[in-house]
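Structural overview for review
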Amino acid sequence: MIGIIGGSGAYAIPDMQVIRENSIKTTFGNPSAKLLFGQLGESNIIFLPRHGSGHKIPPHAINYRANIRALYDCGAQCIISLNAVGAISAELKAPDLCIPEQLIDYTYGRDHTFFDGSNGVVEHIDFTHPYDENVRQALLLAASKLNLRFRGNGVYAVTQGPRLESASEVNRLERDGADIVGMTGMPEAALARELGIPYASICIIVNPAAGRSQEPITMSAILEHLDNGVANALTVIRSALPILSRHQLAKH
Ligand code: HPA
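Please read these numbers as outputs of a predicted model, since none were measured by experiment. (Residues numbered from 1 in each chain as written. Predicted model: local features only at pLDDT ≥ 70, side-chain atom pairs only at ≥ 80, totals over all residues. Heavy atoms only, no water.)

Around the ligand sit Ala-84, Val-85, Gly-86, Leu-164, Glu-165, Val-181, Gly-182, Met-183, Val-206 and Asn-207, and that is every residue in its neighbourhood. One of the backbone N or O atoms of Ala-84 is found 3.4 Å from a nitrogen atom in the ligand. A distance of 2.7 Å separates a nitrogen atom of the ligand from a polar atom in the side chain of Glu-165. The set of elements that each furnish at least two residues to the shell around the ligand consists of strand S5 (78–87), strand S10 (180–182) and strand S11 (199–208). Residues belonging to the shell around the ligand are distributed by class as follows: six nonpolar, three polar and one charged. (Near = heavy atom within 4 Å. Polar contact = N/O pair within 3.5 Å; in protein donor to acceptor, adjacent residues only side chain to side chain. Helix = DSSP H or I, 4+ residues; strand = E, 2+ residues; numbered from the N terminus. Nonpolar A, V, L, I, M, F, W, Y, C, P; charged D, E, K, R; others polar.)

Cis geometry marks the peptide bond from Ala-94 to Pro-95, where omega comes out at 0 degrees. Assignment of secondary structure puts Pro-95 in the loop between S5 and strand S6 (97–98). For the bond running from Gly-161 to Pro-162, omega is 0 degrees, close enough to zero to count as cis. Along the chain, the position of Pro-162 falls in the loop between strand S9 (155–158) and helix H3 (167–176).

Taking 1.5 Å as the rise per residue, helix H2 (residues 133–144) with twelve residues should run 16 Å; its terminal C-alpha atoms sit 16 Å apart, in good agreement. Those residues of H2 that fall on the buried side of the exposure criterion are Val-135, Arg-136, Ala-138, Leu-139, Leu-140, Ala-142 and Ala-143. Here the buried face of H2 lies against S5, strand S8 (150–151), S11 and helix H5 (219–246). Put simply, Asp-132 is the residue that caps the front of H2, since its side-chain oxygen is 3.0 Å from the backbone nitrogen of Asn-134. (Expected span 1.5 Å × (residues − 1). Buried < 20%, exposed > 50% of the residue type's maximum accessible area, 1.4 Å probe, protein only. Contact = heavy atoms within 4.5 Å.)

The next subject is helix H1 (residues 64–73). For an α-helix the count is 3.6 residues per turn, leaving residues at separations of three or four pointing the same way. Here H1 lies mainly inside the structure; seven of its ten residues are buried. Among the residues of H1, those classed as buried are Tyr-64, Arg-65, Ala-66, Asn-67, Ile-68, Ala-70 and Leu-71. Lining the buried residues of H1 we find strand S1 (2–6), strand S3 (35–40), strand S4 (43–49), S5 and helix H4 (188–194).

Going through the model one piece at a time under the given rule, you end up with 14 salt bridges. Between Arg-65 and Asp-111 there is a salt bridge, with its nearest N and O atoms 4.0 Å apart. Remark: Asp-111 occurs in the loop between strand S7 (102–105) and H2 and Arg-65 occurs in helix H1; sequence separation between them is 46 residues. Of the residues examined, Arg-65 reaches a relative accessible area of 13% and is grouped as buried. The class for Asp-111 is exposed, based on a relative accessible area of 52%. Between Asp-73 and Arg-69 there is a salt bridge, with its nearest N and O atoms 3.0 Å apart. Taken as a pair, Asp-73 and Arg-69 lie in helix H1 at a separation of four residues, close to a single helical turn. By relative accessible area, which is 40% here, Asp-73 ends up partly exposed. The partly exposed category is assigned to Arg-69, whose relative accessible area is 23%. Put simply, Arg-65, Asp-111 and Asp-116 are held in one network by salt bridges that share partners. (Salt bridge = Lys/Arg side-chain N within 4 Å of Asp/Glu carboxyl O.)

So, on to the pairing of S11. The buried fraction of S11 is high, at nine of ten residues. Bridge count for S5 against S11 is nine bridges, and the pairing is parallel. Its bridge partner lying in S11, Ala-87 is registered against Pro-208. Where S6 and S11 come together, two bridges link them in antiparallel fashion. (Pairing = 2+ DSSP bridges.)

Running from N to C, H2 and H5 cross one another at 125 degrees; their axes reach a closest spacing of 8 Å. In terms of their interaxial angle, H2 and H5 are classed as oblique. Note that H2 runs across H5; the crossing there is right-handed. Here Asn-134, Val-135, Ala-138, Leu-139, Leu-141, Ala-142 and Ala-143 of H2 come into contact with H5, specifically with Val-236, Ile-237, Ser-239, Ala-240, Ile-243 and Leu-244. Its residues assigned to classes, the contact of H2 with H5 comprises eleven nonpolar, two polar and no charged. (Axes fitted to C-alpha atoms, helices over the stretch in contact; angles between N-to-C directions. Parallel < 35°, antiparallel > 145°, perpendicular 65-115°, else oblique. Left-handed = near helix turned anticlockwise from the far one by under 90°.)

Structure, rendered in structure tokens:
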């Protein structure tokens, strides 16, 4: 089964055939919403909207541990994450897609690990390559067959939010090597790695990052691009699912 975590604008998958819902509770608390089990095309999926059903939970208040643990407990063999982001790199424009290959974590104060020492065990996961290359390649192959603008690499800077950045902060992120900026990529990716679940992200560009355009960043400008971007990302995911199954990352 393939887990899909929806971000802003992706609170359901329109053509998913939902077979059942599960309000699972984990040892880390409740996930953001009920998990939806069903089929997308021929593939079995579990869908979880990160911000709750409707946009209720802000990025810093999401229970990332409960979300990842719930998907693990329900048998997700890999996870595809959707994330709305701002563009730092000048070549990226809304509603392009970006499938990042690296990230930098600027978040703080989030429950960010399952290995918090409470069980007396010290663990350090390898996070050299934060995204699973097989899942990434499936998304890249799917995207390359479609007629849409996407970038198949890039560095995702994950900020704390909920406010957007200052122009100088974005300049700093660029000097650090970041191409896109968003608020939800971490600690999700690390938590999936801690549990050994292959994880990759498909990012939807919804605005130029702060200071990268003359216009202020408004929610209405973001929402203008969100629907198209989410629809494109779901099209990529739909055609990536059979590829993932062939990789044995998601058995039926
Ligand atoms: N910054 C941080 N998070 C975001 C942005 C942004 O510009 N756009 C969408 N999520």
